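What the coordinates show
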Amino acid sequence: MSERSGSALRADWRRAVEPFIGPDARRASFQLATTLIPLVLLFCGIHLLQSRSLVLALLLVLPTAGLLVRTFILMHDCAHGSFFPSRVANDVVGFVTGVLTLTPFAQWRRDHALHHASSGDLDRRGHGDVPTLTVREYLARPRRARVIYRIIRHPLALLLGGPVHLAVGQRLRGRGKATGSRQVASVWLTNVAILLVAALAVWTVGWTTVLLAYALPFYLAAMAGVWLFYVQHQFEDAYWAPHEEWNYVEAALRGSSHLRLPAVLQWFTGSIGLHHVHHVAPRIPNHRLQSCHDAHEMFSRSPVITPRSAMGSLRLALWDEDRRQLVRFRDVTHA
């Protein structure tokens, strides 16, 4: 791509997304109320029903999980500064929704910013990504390391182990590129808040309610979140390129999928299925992603997947440098 055509493309996409960028305090307040109030009511409903009918209580677990996913998406918008106009309001709401989803807000915000800045860059992997090796890297590793990688990339490990990592693995973070003093403070402040809220909940409603009304829905919500993130960046023709060839807009449009979901699931997931739009312009709030997508044909370039077609991508595990696509272990000789 020439410098002139590259500049034209940048100007083009910036003009396309500009009308949709920017927070809306009234809409954000409405979204917060229509997410957290039903979530609290469902917590209470499960508590009241569990002693009368376990079956009825379990029926409320799934919508509770859905609202926890939506709560995480609202935190996600706070991290991008696209939820409230006020930085303080985004920080406060981000922290509270982070506690509800067991996520240290400032730490996650830093990790996620690095993910956006490096998604699809082969030389800057490791920020908010599912670990991904190239075929040559994988074959060059000793047998023990290949076995560990195969375990990590197994669908059951991703879907069943992912929630455990989100619940436990985020409780401690060592200093590094993504973790400074502010992030460490966020981790420990979140940990303390989680302990206080959990202790209060156990004291007032008991372990059974905490497990049934929160732990089980959280586990299901985290499974859904892991799956969502995975299928939106791990698909056969996903974009990966060495740093010198890497292009931000191409990585966003070709390395992030358009996951088409039914309307009710799009609501619960805060339209995050329009991931290609979000990666082009992270400061577009969730409620404007669909309008932005529909307004410009540029976004039709992105790969479209459905929940059914996305299931096959769970077996993709390696980036083939020659074919320039993600492949399965069985597609690789001597794998």
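Residues numbered from 1 in each chain as written. Predicted model: local features only at pLDDT ≥ 70, side-chain atom pairs only at ≥ 80, totals over all residues. Heavy atoms only, no water.

1. Some words on the pattern of salt bridges
We count it as follows: Within this document, salt bridges are pairs made up of a side-chain nitrogen of Lys or Arg and a carboxyl oxygen of Asp or Glu, the two lying within 4 Å of each other. Secondary structure is summarised from DSSP: a helix means a run of H or I of at least four residues, a strand means a run of E of at least two, and numbering begins at the N terminus for each.
The final tally for this structure, using the stated rule, is 11 salt bridges. With its nearest N and O atoms 3.7 Å apart, the salt bridge here joins R136 to E321. Of this pair, R136 sits in helix α7 (residues 135–140) while E321 sits in the loop between β4 (318–320) and β5 (325–327), placing them 185 residues apart in sequence.

2. Describing the side chain of H293
Filter applied, for reference: The contact definition used throughout considers only heavy atoms, calling two residues in contact when any of these lie within 4.5 Å.
Structurally, H293 is set in helix α15 (residues 289–295). In contact with H293, other than residues within four places in its own chain, are H258, L274, H276, V277 and F299.

3. Here's the deal with the confidence of the model for the chain
As a reminder of what qualifies: Scored from 0 to 100, pLDDT reflects the predictor's confidence in each residue.
Averaged over every residue, the pLDDT of the chain is 91; the share at 70 or more is 96%. Least confident of the elements in the chain is helix α1 (residues 3–17), whose mean pLDDT is 62; most confident is helix α4 (residues 61–79), at 98. This model gives residues 1–7 a pLDDT under 50, and the stretch forms 2 contacts once residues within four places in sequence are excluded.

4. Regarding empty space enclosed by the protein
The test is simple: With a 1 Å grid laid over protein atoms only, a set of points is called a cavity when a 1.4 Å probe fits there but cannot get out and a pocket when it is open yet has protein on both sides within 12 Å along at least five of seven lines; lining residues have an atom within 4 Å of a point. Grid points are joined across faces, edges and corners, and a volume is the space filled by probe spheres set on the points. Polar here means any residue outside two lists: the nonpolar Ala, Val, Leu, Ile, Met, Phe, Trp, Tyr, Cys and Pro, and the charged Asp, Glu, Lys and Arg; Gly therefore counts as polar.
For the structure on display, the rule yields 1 cavity of 30 Å³ or more. In this structure, the largest cavity occupies an estimated 90 Å³ of space. Residues belonging to the lining of the largest cavity are distributed by class as follows: 4 nonpolar, 6 polar and 1 charged.

5. Quick look at the sheet that holds β5
Short version of the rule: Following DSSP output, two strands are said to pair if at least two bridges run between them.
Taken together, the 3 strands give an open sheet; going across it, the order is β1-β4-β5, and neighbouring strands pair in mixed fashion. A strand with exactly one partner marks an edge of an open sheet, and here the two such strands are β1 (133–134) and β5. Strand direction decides the pairing type here: β1 and β4, joined by 2 bridges, are parallel. Counted as the bridge partner of T134 is W319 from β4.

6. Quick word on helix α10 (residues 181–205)
For an α-helix, the turn length of 3.6 residues means that residues three or four places apart are oriented alike. Let me state the cut-off plainly: Every helix has an expected span of 1.5 Å times one less than the residues it contains.
With 25 residues, α10 extends 36 Å from end C-alpha to end C-alpha; this agrees with the ideal 36 Å at 1.5 Å per step. On its buried face, α10 sits against α5 (87–100) and α6 (105–118).

7. Things to note about unusual backbone geometry
Condition: Relative accessibility thresholds used throughout: buried, under 20% of the residue-type maximum; exposed, over 50%; partly exposed, between the two (1.4 Å probe, protein chains only).
Phi angles above zero are rare outside glycine, and L102 is one such case at about 60°. As for its position among the elements, L102 is in the loop between α5 and α6. Residue class for L102 comes out buried when judged on its relative accessible area of 11%. The backbone of S271 sits at a positive phi, close to 60°, despite the residue not being glycine. One can find S271 in the loop between α13 (263–268) and α14 (275–280).

8. Concerning α5
Put simply, the rule is: Polar contact is the term for a pair of N or O atoms within 3.5 Å; when the atoms are in protein, one must be able to donate a hydrogen and the other to accept it, and sequence-neighboring residues count only if both atoms are side-chain atoms.
Here α5 is 14 residues long and its end C-alpha atoms lie 20 Å apart, about the 20 Å a rise of 1.5 Å per residue gives. Every buried residue of α5 is listed here: N90, V93, G94, T97, G98 and V99. Those residues of α5 that are buried lie in contact with α2 (25–49), α4, α6, α10 and α11 (207–231). A side-chain oxygen of the first residue of α5 lies 3.2 Å from the backbone nitrogen of V88; this N-cap is S86.

9. Focus on the layout of surface pockets
Here the largest pocket is characterised by a volume of approximately 1300 Å³. Per-element tally for the lining of the largest pocket: the top contributor is α11, with 8 residues. By residue class, the composition of the lining of the largest pocket is 20 nonpolar, 17 polar and 3 charged. Quantified by volume, the second largest pocket comes out at close to 970 Å³. As for the second largest pocket, its lining consists of 32 residues, and the residues nearest its centre are V197, A198, A201, V210 and Y214. Where the lining of the second largest pocket is concerned, the elements lending two or more residues are α2, α5, α9 (155–168), α10 and α11.

10. A look at the nonpolar core
Where we set the bar: Buried residues of nine kinds, namely Ala, Val, Leu, Ile, Met, Phe, Trp, Tyr and Cys, make up a nonpolar core once their side-chain atoms join them within 4.5 Å.
Judged by nonpolar contacts, the single largest core of 41 residues is most densely connected at W227, Y230, V231 and L259. Where this core is concerned, the elements lending two or more residues are α2, α4, α9, α10 and α11. Broken down by element, this core gets its largest block of residues, 10 residues, from α11. Apart from residues lying up to four places away in sequence, Y230 is in contact with V130, R153, L158, S313, L314 and L316. F20, L274, I284 and C292 belong to the second-largest nonpolar core, a separate cluster that totals 16 residues.

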